[in-house]
Amino acid sequence: MNKFKFTKTSIEGVFIIEPTVFIDDRGYFMESYHKKEFEENGLNIDFVQDNQSKSTKGVLRGLHFQYNQPQGKLVRVIKGEVFDVAVDLRKDSPTYSKYESVILSEDNKKQFYIPPGFAHGFLVLSDEAEFTYKCTDFYNESDEGGITWNDPDINIEWPLNEDELILSEKDQKWKSLKNTSTNF
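Since this is a predicted model, take the numbers as computed values, not measurements.

Colleague: Would you mind going over the overall build of the protein chain with me for this structure?
Modeller: Of the regular secondary structure elements, the protein chain holds 1 helix and 13 strands. Listing the helices and strands of the protein chain from first to last along the sequence gives β-β-β-β-α-β-β-β-β-β-β-β-β-β. A compact globule built from 184 residues should have a C-alpha radius of gyration of about 16 Å, and the protein chain, at 16 Å, falls within 12% of that. Projected onto its principal axes, the C-alpha positions of the protein chain cover 50 × 35 × 30 Å. Sequence-distant contacts, at least 24 apart, represent 79% of the contacts inside the protein chain between residues at least 6 apart.

Here's what the structure looks like:
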């Protein structure tokens, strides 16, 4: 029996992954990652770091990437609900500057795989959300880059109004993609 359903998106390498969830009167059980099954579906990934964050409604984190140590990420929500976004920064890709999005929640248990060469961000839709992700490379603060969340050329359709958003000082300073150098 397959433990996961892998759905390819409109962008090569980006997947929505749905685990099989076993529910009974005690609660539920699921596997969030299974190396062999991921490899059988073309995702030969080695994860080196796990991260977790907690945010309140309206917090928008992103759009982040690393220049020289790009990270692939397997992301999911363990509490609450977020709108998650991946933007293709691979200049030779037919989907360069296009984005894919998905709602991730504690209820739907969906995961989103974002390969290296993408900017990533998410917006919290619930009162609070706990977000966790596995990375294929280590975070390096001096290697971090970003793109403004409201880049008109990417035109992400965020599900909250601008006046409802809470951004860090850093995330308010990112420039548009056309004004940002990337190495991908």
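Colleague: What am I meant to see in the sheet that holds strand β13 (residues 144–146) here?
Modeller: Whether parallel or antiparallel, the strands of a sheet pair through hydrogen bonds between backbone atoms. Read from one edge to the other, the open sheet built from 5 strands follows the order β9-β8-β11-β6-β13, with strand pairing classed as antiparallel. The open sheet has two edge strands with one neighbour each: β9 (99–105) and β13. Put simply, the sheet's adjacent strands are angled 25° from each other on average, direction ignored. Pairing between strand β6 (residues 60–66) and strand β11 (residues 118–124): 3 bridges, direction antiparallel. Each residue of the ladder has a partner; that of leucine 60, found in β11, is leucine 123.

Colleague: I keep staring at the pairing of strand β4 (residues 27–30) and nothing clicks. Help me out?
Modeller: A regular strand carries its side chains on alternate faces of the sheet. Bridging between strand β3 (residues 21–24) and β4 involves 4 bridges; their strand directions are antiparallel. Looking at β4, one finds that phenylalanine 22 is bridged to phenylalanine 29. The loop that links β3 with its antiparallel partner β4 comprises 2 residues.

Colleague: How should the side chain of glutamine 71 be read in this particular structure?
Modeller: Looking at the secondary structure, you find glutamine 71 in the loop between β6 and β7 (73–79). The exposure class of glutamine 71 is buried, given its relative accessible area of 11%. A distance of 2.8 Å separates a polar atom in the side chain of glutamine 71 from the backbone oxygen of aspartate 137. Ignoring anything within four residues of it in the chain, the contact list for glutamine 71 reads Gln66, Ile114, Pro115, Pro116, Cys135, Thr136, Asp137, Phe138 and Tyr139.

Colleague: Quick question: what am I supposed to make of the sheet that holds β7 here?
Modeller: Read from one edge of the open sheet, 6 strands run β1-β2-β10-β7-β12-β5, paired in antiparallel fashion. Sheet topology places β1 (4–8) and β5 (49–56) at the edges, where each strand pairs with a single neighbour. The sheet shows a mean angle of 25° between the axes of neighbouring strands, direction not considered. Looking at chain direction, strand β2 (residues 15–19) and strand β10 (residues 111–114) are connected through 3 bridges and run antiparallel. Residue pairing across strands places phenylalanine 15 opposite tyrosine 113, the latter belonging to β10.

Colleague: Before we go on, may I ask you to explain the environment of valine 87 in this structure?
Modeller: The topology assignment puts valine 87 in strand β8 (residues 81–88). For valine 87, a relative accessible area of 0% corresponds to the buried category. It is 5.3 Å that separates the C-alpha atoms of valine 87 and phenylalanine 118, two residues lying 31 residues apart in sequence. Setting aside residues up to four positions removed in sequence, valine 87 forms contacts with Leu63, Ser97, Lys98, Tyr99, Gly117, Phe118, Ala119, Ile154 and Ile156.

Colleague: Explanation requested: the pattern of salt bridges in the structure shown.
Modeller: When the charged atoms of two side chains with opposite charge come close together, those side chains can pair. Applying the stated criterion across every chain yields a total of 12 salt bridges. Here glutamate 169 ties to lysine 173 by a salt bridge, and the two come within 3.3 Å at their closest N and O atoms. This pair shows no difference in class: glutamate 169 is exposed, exactly as lysine 173 is. Look at the salt bridges and you will find they share partners, linking Lys35, Glu39 and Asp46 into a network.

The rules behind these values
- Residues numbered from 1 in each chain as written.
- Predicted model: local features only at pLDDT ≥ 70, side-chain atom pairs only at ≥ 80, totals over all residues.
- Heavy atoms only, no water.
- Helix = DSSP H or I, 4+ residues; strand = E, 2+ residues; numbered from the N terminus.
- Rg over C-alpha atoms; globule rule 2.2 N^0.38 Å.
- Contact = heavy atoms within 4.5 Å.
- Pairing = 2+ DSSP bridges.
- Axes fitted to C-alpha atoms, helices over the stretch in contact; angles between N-to-C directions.
- Buried < 20%, exposed > 50% of the residue type's maximum accessible area, 1.4 Å probe, protein only.
- Polar contact = N/O pair within 3.5 Å; in protein donor to acceptor, adjacent residues only side chain to side chain.
- Salt bridge = Lys/Arg side-chain N within 4 Å of Asp/Glu carboxyl O.

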